[in-house]
Amino acid sequence: QQPVQSPQAVILREGEDAVINCSSSKALYSVHWYRQKHGEAPVFLMILLKGGEQKGHEKISASFNEKKQQSSLYLTASQLSYSGTYFCGTENPGAGSYQLTFGKGTKLSVIP
Amino acid sequence: NAGVTQTPKFQVLKTGQSMTLQCAQDMNHNSMYWYRQDPGMGLRLIYYSASEGTTDKGEVPNGYNVSRLNKREFSLRLESAAPSQTSVYFCASSLLAGVGNEQFFGPGTRLTVL
């Protein structure tokens with residue numbers, strides 16, 4: 001089942017902060033975050049693993065609440081280059097453990 | 001390092017025609033994936049290959065077949081295209097299948113079925 005992302009869209013001015021949330025109805029092994037610019041491929045940002053390990057971009061921060069089956073991506077002091085659609089992907093135990101199930105995305109627009 | 005490459009970039013088919021989408025990676029990754037992306041739907045997994053010689057169905061495999069030709073190449077075939085298969089197709093690869101392996105995506109193939 002697809003994770004649910006919120007908000008669906010957000011508009012920021014340069015320098016403002018944003019939080020993007022990802023929520024699953026199933027237990028999670030991990031949460032992945034990707035950013036996709038219009039007409040381009042998704043680009044890896046970060047993985048958060050059960051147990052607290054994280055790997056990804058130094059300038060990106062995120063949290064993973066295993067009990068609540070939720071993750072949040074924190075974008076601080078936003079820049080124009082942050083614009084794009086952000087996807088979370090979840091790995092769930094049981095149902096095809098090699099599969100990432102992606103949310104529908106959050107469209108972020110940063111304006112001057 | 002080209003990363004993940006896909007051909008063709010664009011394709012228009014008529015209903016019932018067949019075609020093969022090609023994908024190759026030069027990162028010595030073991031696992032490869034095919035996704036489709038439709039407006040408002042996010043990315044949905046069609047098939048994946050955890051390692052050379054293995055393939056498995058993903059979330060939306062109907063109407064597609066795949067071949068893991070060797071460690072580098074993973075192709076997706078539409079035997080009889082339907083308008084519902086109009087989409088953007090992304091190939092991805094990761095070092096290993098399983099928890100915690102980031103995926104690297106190709107530039108995509110934009111397919112229109114008339």
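Note: the structure precedes this text.
Below, the structure is looked at part by part. All figures in this text were calculated on a predicted structure; none of them were measured in a lab.

**Things to note about the packing of aromatic side chains**
Tallying each qualifying case throughout the model produces 10 aromatic pairs over all chains. Ring centres of Phe102(A) and Tyr35(B) lie 5.6 Å apart, and the angle between their planes is 80 degrees; this geometry places the pair in the edge-to-face category. Here Tyr35(B) lies in strand 4 (residues 31–38) and Phe102(A) lies in strand 10 (residues 101–102), a pairing that spans two chains. You'll find Phe102(A) and Tyr35(B) in the same group, each marked buried. Aromatic pair Phe90(B) and Phe105(B): ring centres 6.4 Å apart, planes at 85 degrees, arrangement edge-to-face. In this pair, Phe90(B) is assigned in strand 9 (residues 87–94) and Phe105(B) in strand 10 (residues 104–105), connecting sequence segments 15 residues apart. Three or more aromatic residues joined by ring pairs make a cluster, and in this case those are Tyr34(A), Phe44(A), Phe102(A), Tyr33(B), Tyr35(B), Tyr48(B), Phe90(B) and Phe105(B).

**Description of the sheet that holds strand 3 (residues 19–25) of chain B**
Residue and element names in this part refer to chain B. If you trace the 4 strands from one edge of the open sheet to the other, you get 1-3-8-7, paired in antiparallel fashion. Sheet topology places strand 1 (4–7) and strand 7 (64–68) at the edges, where each strand pairs with a single neighbour. Each strand axis lies, on average, 20 degrees off the axis of its neighbour in the sheet, ignoring direction. By the bridge criterion, 3 bridges tie strand 3 to strand 8 (residues 74–78) in an arrangement that is antiparallel. Residue pairing for strand 8: Thr20 is matched across the bridge by Arg77.

How each quantity is defined
Residues numbered from 1 in each chain as written. Chains lettered and ligands numbered in written order. Predicted model: local features only at pLDDT ≥ 70, side-chain atom pairs only at ≥ 80, totals over all residues. Heavy atoms only, no water. Phe/Tyr/Trp six-rings, centres within 6.5 Å; stacked < 30°, edge-to-face > 60°. Helix = DSSP H or I, 4+ residues; strand = E, 2+ residues; numbered from the N terminus. Buried < 20%, exposed > 50% of the residue type's maximum accessible area, 1.4 Å probe, protein only. Pairing = 2+ DSSP bridges. Axes fitted to C-alpha atoms, helices over the stretch in contact; angles between N-to-C directions.

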